[in-house]
Amino acid sequence: MTYVDGFVVPVPKKKIAAYRKMARKAGKIWLEHGALEFRECVADDVKKGKWTSFPRSVKLKAGETVMFSWIVYRSRKQRDSVLKKVMSDERLKADMQGDMPFDGKRMIFGGFKTLVAL
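Given the structure is predicted, the values throughout are model-derived calculations rather than measurements. (Residues numbered from 1 in each chain as written. Predicted model: local features only at pLDDT ≥ 70, side-chain atom pairs only at ≥ 80, totals over all residues. Heavy atoms only, no water.)

Moving on to the packing of aromatic side chains. Enumeration according to the criterion identifies five aromatic pairs in this entry. Taken together, a centroid distance of 5.4 Å and an interplanar angle of 50° make the contact between Phe-68 and Trp-70 tilted. A relative accessible area of 37% means that Phe-68 is categorised as partly exposed. By the ring-pair criterion, three or more aromatic residues cluster together here, those being Phe-54, Phe-68 and Trp-70. (Phe/Tyr/Trp six-rings, centres within 6.5 Å; stacked < 30°, edge-to-face > 60°. Buried < 20%, exposed > 50% of the residue type's maximum accessible area, 1.4 Å probe, protein only.)

Here's what the structure looks like:
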């Protein structure tokens, strides 16, 4: 079974183009280093729930939207290897230290073992 890193990120609507540019660049680098799939999705039908929801999870502010993203790997071991390469890739270092088009303090992320794949 595969391994998946998942992300939920608040992004100011006025920075969606910058986010897309950053994500395209990052996705190419992740795939180059061995990731099987890289997806970035913008909220379309995501309502604020009474107790829980994507907007609540990232403390969504006025003028922001939610991005839901995932990266697929062959295994946790392969993900750890890919991530190490990506994090040391010089092409991303400036982006990670610069003005990010999202609030990383409110990003939710984690690694998941695939339970069902059809």
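Time to look at unusual backbone geometry. Look at Lys-59: it is not a glycine, yet its phi comes out positive at around 50°. Among the structural elements, Lys-59 can be located in the loop between helix H2 (54-57) and strand S3 (64-73). The exposure class assigned to Lys-59 is exposed, which follows from its relative accessible area of 65%. (Helix = DSSP H or I, 4+ residues; strand = E, 2+ residues; numbered from the N terminus.)

To continue, consider the sheet that holds strand S4 (residues 108-113). In sheet architecture, strand pairing relies on hydrogen bonds along the backbone and comes in two forms, parallel and antiparallel. Taken in spatial order, the four strands line up as S2-S3-S1-S4 in an open sheet, and their pairing is antiparallel. Strand pairing shows two members of the sheet lacking a second neighbour, strand S2 (37-42) and S4, which therefore form its edges. Averaged over all pairs of adjacent strands, the angle between strand axes in this sheet comes to 15°, irrespective of strand direction. The strands touched by helix H1 (residues 16-32) within the sheet are strand S1 (3-12), S2 and S3, with S2 carrying the most contacts at an inclination of about 170°. (Pairing = 2+ DSSP bridges. Axes fitted to C-alpha atoms, helices over the stretch in contact; angles between N-to-C directions. Contact = heavy atoms within 4.5 Å.)

So, on to H1. Given 3.6 residues to a turn, an α-helix orients residues that are three or four positions apart in the same direction. Spanning 17 residues, H1 covers 24 Å between terminal C-alpha atoms, matching the ideal 24 Å at 1.5 Å per step. By the burial criterion, the buried members of H1 are Tyr-19, Met-22, Ala-23, Ala-26, Gly-27, Ile-29 and Trp-30. In an axial view of H1, the angular spread of the buried residues amounts to 165°, which keeps them on one side of the axis. Away from the buried face of H1 by more than 90 degrees, exposed residues Ala-17, Lys-21, Arg-24, Lys-28 and Glu-32 are located. Looking at the buried positions of H1, the neighbouring elements they touch are S1, S2, S3, helix H3 (76-87) and helix H4 (90-97). Positive phi shows up at Gly-34, right after H1, with a value of about 120°. (Expected span 1.5 Å × (residues − 1). Arc of directions from axis to C-beta.)

Moving on to the pattern of salt bridges. According to the stated counting rule, one finds nine salt bridges in the structure shown. Between Glu-37 and Arg-39 there is a salt bridge whose closest N-O contact spans 3.1 Å. Note on Arg-39: relative accessible area 42%, which makes it partly exposed. The partner of Arg-79 in a salt bridge is Asp-80, and the shortest N-O contact between them spans 2.8 Å. Residue Asp-80 is classed as partly exposed on the basis of its relative accessible area of 33%. (Salt bridge = Lys/Arg side-chain N within 4 Å of Asp/Glu carboxyl O.)

We now examine a nonpolar patch on the surface. A cluster of nonpolar residues, Val-46, Phe-54 and Phe-68, forms a patch on the protein surface that exposes about 230 Å² of accessible area. Residue position: Val-46 is located in the loop between S2 and H2. (Patch = residues over 30% accessible without salt bridge, like charges linked within 9 Å, V, L, I, M, F, W, Y side chains within 5 Å. Areas by Shrake-Rupley, 256 points an atom, 1.4 Å probe, with all protein chains shown as cover.)

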